[in-house]
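What follows is the residue order along each chain.
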Amino acid sequence: MPDIIHLLPDSIANQIAAGEVIQRPASVVKELIENSLDAGATHIILSVKDAGRTFIQVIDNGKGMSATDLRMAFERHATSKIRSADDLFSLTTMGFRGEALPSIAAISHIEVKSRREEDELGSLLVISGSKVEKQEMVAAATGTSITVKNIFFNVPARRKFLKSNETERRNIFTEFERIVLVNPDVEFTLIENGVETLHLPKTGLRQRIVQIEGKNTNQQLIEINEETTLGKIYGYIARPEFARKGKVNQFFFVNNRYIRHPYFHRAVTTAFEPLIAANEKPGYYIYFQVDPDTIDVNIHPTKTEVKFENEQALWQILMVTVKESLGKFNAIPTIDFDRDDAPEIPVYDPSRTSSMPKVNVDPGYNPFHSHRTETPQPKVPAFGWEQLYKGFEKEKELVDEIEGRTPATLFKPAGGDRNLPETELSPEHYQYKQKYILTSVKSGLMIIDQHKAHVRILFDKYLEQIRNKRGISQRVLFPEVLELSASEAAALPSIMEDLEALGFELSDLGNHSFAIQAVPSEIENAAPAALIRSMIGKSMETGSDVKSEIQESIALSLANLTAIPYGNTLTTEEMLLIVSQLFASPSPTYTPDGQTIISVISDAEIEKKMQ
Ligand code: ADP
Ligand code: MG
């Protein structure tokens, strides 16, 4: 019997490789432009016809290739970018597998002209379906020009897979956009069917974004910039009011390479969460510069998935950075808080018994929607101006005489800048805009975010219940049916034990469906199916196998969903209870995901404002 195993001819091996690297005209565009950038080009011209089906040309003014190098470039795994396996881990160039050119040559007619500055003549190479048709010396400009014609001419199955011209054109533009957004210092020209459709002169990052997205974008952008030992995070986020339901621009780049990163995406949306409606998406252009040793770019052939070594720490940094920029640029009401200033703990009076406000969760609740539209005017509790003047009757009389009495004038001591003893000024808790609890503390005015405070309280409680299996279960009369997708159902077992510890009880109905027989007593009125689905989603996003992390993610999502929303009017009793429970927590100042719960405006700051 003859041997049946033999090596595939190179041309077929290249076609197979091409399937991995080159899926559509846009992939050719990406590989060619990246090569031009790697070659140090400062001006790159991309010209396409018929959405790249018949003609793709990239012309650059980069360093060019010698005749030998040009020929070599079309050998598989020929690359000038790595010499040993070690180099793989410290890569700063785009391509490195030496696969692009041979892959493109395997499935198209390709023509390359290239000249190095130091050479008198350039060389021309013509290859068709991996077969070299011609190589000769020619007159050529410094740099490289590559023309790819009739992509997939010899792979009909692939050709059939191509989508409409509109779609392929959009794909090309998508790749083009991702590249130009990290190379503002390079000039680009886009020519479509012989007509110049885009010209991007060399500029700065902000202007490059504006060049591509349009003039109106400029006013939308808020800068972010953070440098830490783990790397640098910079770029722009769009102001919250430009968040949209439909498509928005959301870009992450690491070391000048576009990446997808659902986990980091979540960090950004978490920072935006209190400012935009649940179904709106924030725009962002966020750039990471990290030590190449700390990322693994090669886990996916098209290289948009990147694994970071310090993913969780970067998540936190990113979230806080975005949040701070939103605050700094007045995207949210600014509170200048002083983190060093440890808040003074208000005294809890146990004789004032009250019960935790019962939480009615409305899963369709959208705090921003109601804020923007039919928010009932906050019921302002009687502030107790009278109390403010205890011991200052004289001043009161004086102030009462002043016309146009306003809180501001009330605060200004009538007799010069004498300090008012603050203990006497401690008012009842005051709810501001149905969002913050204000109270005076020794060092100044303390502002507590009602929702976040409650998140912290509930998180601690739920986590304790999960860990000690202490949740109190409440059976439901009409079990809601939870219908899961296959992937959600697959993730359910990993959190089932914790759900049961909280008090959920599910019975399997088959077909990824479950009846919710019992729920934790705290969430009696919530829609439990939506809650569970969201907890599964969160735990999938977290993507952790570590038990404690899964438990924290469950406790946090349940806390987020059941905490008192903004817009709820609180009684004084309820405020007191929240504050006292908050300060019973070992970490009252931040939510488990790092959001600020408390800040204090110092007396000094207040006084400065009142000068
Ligand atoms: P890789 O980019 O992974 O090295 P490619 O197949 O894309 O592999 O390119 C092979 C080699 O050809 C590159 O390493 C580079 O030396 C050379 N090359 C490709 N395109 C250009 C260009 N536009 N200018 C100069 N050299 C190029
Ligand atoms: Mg390459």
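Everything below is about the structure printed above this text.
Reading the values: the criteria
Think of each chain on its own: its residues are numbered from 1, step by step along the sequence as written. Note on labels: chains are lettered from A, ligands numbered from 1, in written order. Whole-chain, interface and lining totals are the exception, using all residues; otherwise, since this is a predicted model, local features are given only for residues with pLDDT of at least 70 and side-chain atom pairs are given and counted only at 80 or more. Side-chain measures were taken over the full set of non-hydrogen atoms in the model, leaving aside hydrogen atoms and water. Helix and strand definitions follow DSSP, with helices as H or I runs of at least four residues and strands as E runs of at least two, each counted in order from the N terminus. Each residue is placed in one exposure class: buried if its accessible area under a 1.4 Å probe, protein chains only, is under 20% of its type's maximum, exposed if it is over 50%, and partly exposed if it falls in between. Should any heavy atoms of two residues lie within 4.5 Å, those residues are considered in contact. Here the open area of atoms and residues is found with the Shrake-Rupley method and a 1.4 Å probe, where only the protein chains shown may cover a residue. Any two strands with at least two DSSP bridges between them are considered paired. As a rule, the C-alpha atoms of each element are fitted with a line to give its axis, helices using only the stretch in contact, and angles between N-to-C directions run from 0 to 180 degrees. The set of buried Ala, Val, Leu, Ile, Met, Phe, Trp, Tyr and Cys residues whose side-chain atoms join them within 4.5 Å is what this entry labels a nonpolar core. Roughly parallel covers angles under 35 degrees, roughly antiparallel covers those over 145, roughly perpendicular covers 65 to 115, and oblique covers all other angles. Helix crossings get a hand from a simple test, with the near helix turned counterclockwise from the far one by less than a right angle marking a left-handed crossing and a clockwise turn marking a right-handed one. Residue polarity follows a fixed list, in which Ala, Val, Leu, Ile, Met, Phe, Trp, Tyr, Cys and Pro are nonpolar, Asp, Glu, Lys and Arg are charged, and the others, Gly among them, are polar. Expected helix span is taken as 1.5 Å per residue step, with the number of steps being one fewer than the number of residues. What counts as a salt bridge is simple: a side-chain nitrogen of Lys or Arg found within 4 Å of a carboxyl oxygen of Asp or Glu. A pair of aromatic rings is counted whenever rings of Phe, Tyr or Trp (Trp by its six-membered ring) have centres within 6.5 Å, and the orientation is called stacked for planes under 30 degrees apart, edge-to-face for over 60 and tilted otherwise. The criterion is that NZ of a Lys, or CZ of an Arg, lies within 6 Å of the ring centre and within 35 degrees of the ring normal, and then a charge sits over that ring. Polar contacts, as used here, are pairs of N or O atoms within 3.5 Å; protein pairs need one atom able to donate a hydrogen and one able to accept it. Residues neighboring in sequence count only if both atoms are side-chain atoms.

Q: I'm lost on the overall build of the chain in this one. Help?
A: Looking only at helices and strands, the chain features 19 helices and 22 strands. For the chain, the residues scored as buried account for 47% of the 611 residues in total. Within the chain, contacts between residues separated by at least 24 positions form 70% of all contacts whose residues are at least 6 apart in sequence. Total accessible area on the chain is roughly 31000 Å²; 52% of this is exposed by carbon and sulfur atoms.

Q: Is there a simple way to think about the environment of Ala141 in this case?
A: Note on placement: Ala141 falls in the loop between strand 5 (131-138) and strand 6 (143-149). According to the relative accessible area criterion, Ala141 is exposed, its value standing at 60%. Separated by 27 residues in sequence, Ala141 and Ser114 place their C-alpha atoms 7.6 Å apart.

Q: Looking at this structure, I do not really get the pairing of strand 21 (residues 513-520). What am I missing?
A: In regular strands, side chains alternate between the two faces of the sheet. Most of strand 21 sits out of view: eight of its eight residues are buried. Where strand 19 (residues 473-483) and strand 21 come together, seven bridges link them in antiparallel fashion. Counterpart to Glu480 in the pairing with strand 21 is Ile516. When strand 20 (residues 505-510) meets strand 21, the two strands line up antiparallel, connected through five bridges. Bridged to Glu505 within strand 21 is Ala518. Hairpin connection from strand 20 to strand 21: two residues lie between these consecutive antiparallel strands, with Asn511 at a positive phi of about 55°.

Q: Any chance you could explain unusual backbone geometry here in plain terms?
A: Excluding glycine, most residues fall at negative phi; most peptide bonds, likewise, are trans. For Asp50, which is not glycine, the phi torsion reads 50° and is therefore positive. Considering the arrangement of structural elements, one finds Asp50 in the loop between strand 1 (43-49) and strand 2 (55-60).

Q: Help me understand the environment of Val186, please; the structure alone is not making it clear to me.
A: The residue Val186 is located in the loop between helix 6 (165-180) and strand 7 (187-192) in this model. Setting aside chain neighbours within four positions, we find Val186 in contact with Leu37, Ala41, Thr42, His43, Ile44, Leu200, Lys202 and Arg208.

Q: So what exactly am I meant to see when it comes to the sheet that holds strand 19 here?
A: Strand pairing in a sheet relies on backbone hydrogen bonds, with the paired strands running either antiparallel or parallel. Spatial strand order, 19-21-20: three strands in an open sheet with antiparallel pairing. Unpaired on one side and paired on the other, strand 19 and strand 20 mark the two borders of the sheet. Taking the axes of each pair of neighbouring strands and ignoring which way they run, one obtains an average angle of 20° across the sheet.

Q: Just to check I follow, could you spell out the nonpolar core for this structure?
A: Counting residues in each nonpolar core, the largest one holds 43 residues, and the members touching the most others are Ile33, Leu46, Phe74, Ile110, Phe176 and Phe188. Among the elements that line this core, the one with the most residues is helix 2 (residues 25-38), at six residues. Sequence-distant contacts of Phe188, defined by excluding residues within four places in its chain, comprise Ile33, Leu37, His43, Ile44, Phe176, Ile179, Val180, Asn183, Leu198, His199, Leu200 and Arg208. Among the nonpolar cores identified, the runner-up in size contains 33 residues, and Val455, Leu458, Ile495 and Ile516 belong to it.

Q: Honestly, the packing of helix 15 (residues 486-502) against helix 17 (residues 547-562) in this entry has me stumped. Any pointers?
A: With their axes 10 Å apart at the nearest point, helix 15 and helix 17 run at an angle of 50° to one another. Taken together, helix 15 and helix 17 sit at an angle that is classed as oblique. In this structure, the crossing between helix 15 and helix 17 has a hand that is right-handed. Contacts between helix 15 and helix 17 involve Ser494, Ile495, Glu497, Asp498, Leu499 and Leu502 from the first element and Lys547, Ile550, Gln551, Ile554 and Leu558 from the second. The class makeup of the residues in the contact of helix 15 with helix 17 is six nonpolar, two polar and three charged.

Q: Can you help me understand helix 9 (residues 311-328) in this one?
A: The α-helix winds at 3.6 residues per turn, so residues separated by three or four positions along the chain end up facing the same way. Its 18 residues place the ends of helix 9 25 Å apart at the C-alpha level, agreeing with the 26 Å of an ideal helix rising 1.5 Å per residue. All buried positions along helix 9 are accounted for by Glu311, Leu314, Trp315, Ile317, Leu318, Met319, Thr321, Val322, Lys323, Ser325, Leu326 and Gly327.

Q: Honestly, the pattern of salt bridges in this entry has me stumped. Any pointers?
A: Charged atoms that come close allow side chains of opposite charge to pair. Under the defined criterion, the tally for this structure stands at 16 salt bridges. In this structure, the salt-bridge partner of Arg266 is Glu273, at a minimum N-O distance of 3.2 Å. Glu273 gets classed as partly exposed once you look at its relative accessible area, which sits at 38%. Glu505 is paired through a salt bridge with Arg475; the nearest N and O atoms lie 3.0 Å apart.

Q: Can you walk me through the packing of helix 2 against helix 6 in this structure?
A: For any two helices packed against each other, the geometry is given by the interaxial angle and the distance between the axes. Relative to each other, helix 2 and helix 6 sit at 25°, their axes nearing to 8 Å. Overall, the two elements helix 2 and helix 6 adopt an arrangement that is roughly parallel. Helix-helix and strand crossings are classified by hand; for helix 2 and helix 6 the assignment is right-handed. Of the residues in helix 6, those in contact with Pro25, Ala26, Val29, Lys30, Ile33, Glu34 and Leu37 of helix 2 are Glu168, Asn171, Ile172, Glu175, Phe176 and Ile179. When the residues that make up the contact of helix 2 with helix 6 are grouped by side-chain class, the tally is eight nonpolar, one polar and four charged.

Q: Help me understand the side chain of Ser145, please; the structure alone is not making it clear to me.
A: Note on placement: Ser145 falls in strand 6. Residues contacting Ser145, with those up to four places away along its chain left out, are Gln57, Val58, Ile59, Glu111, Val112 and Lys113.

Q: Quick question: what am I supposed to make of the sheet that holds strand 18 (residues 444-449) here?
A: Taken in spatial order, the four strands make up an open sheet running 16-17-18-22, and their pairing is antiparallel. Each edge of the open sheet is held by one strand with a lone partner, namely strand 16 (430-432) and strand 22 (598-602). When the angles between neighbouring strand axes are averaged without regard to direction, this sheet yields 30°. In this structure, strand 17 (residues 436-441) lies alongside strand 18, joined through six bridges in antiparallel fashion. Its bridge partner being in strand 18, Tyr436 is matched across the sheet by Asp449. Together, strand 16, strand 17 and strand 18 form the strand contacts of helix 14 (residues 450-468), whose direction differs from that of strand 18 by roughly 70°.

Q: Quick question: what am I supposed to make of the packing of aromatic side chains here?
A: Tallied over the entire structure, the rule returns 16 aromatic pairs. When the centroid spacing of 6.2 Å and the interplanar angle of 75° are considered together, the rings of Phe251 and Tyr258 count as edge-to-face. By relative accessible area, Phe251 is classed as buried at 6%. Each ring, one from Phe264 and one from Phe308, has its centre 5.0 Å from the other, and the planes form 65°; the classification is edge-to-face. Of the two residues, Phe264 sits in helix 8 (residues 262-272) while Phe308 sits in strand 15 (residues 307-308), which places them 44 residues apart along the sequence. Of the residues examined, Phe264 reaches a relative accessible area of 0% and is grouped as buried. Following the ring pairs from residue to residue traces out a cluster consisting of Phe252, Tyr263, Phe264, Tyr284, Phe288, Phe308 and Trp315. For Arg178, the ring lying beneath its charged end belongs to Tyr258, and the centroid distance is 3.8 Å. Seen from the ring of Tyr566, Lys435 lies directly overhead, with NZ or CZ sitting 4.9 Å from the centre.

Q: Would you explain the side chain of Glu311 in this entry?
A: Along the polypeptide, Glu311 turns up in helix 9. Given the relative accessible area of 15%, Glu311 is considered buried. For Glu311, the side chain forms a polar contact with the side chain of Lys307, separated by 3.1 Å.

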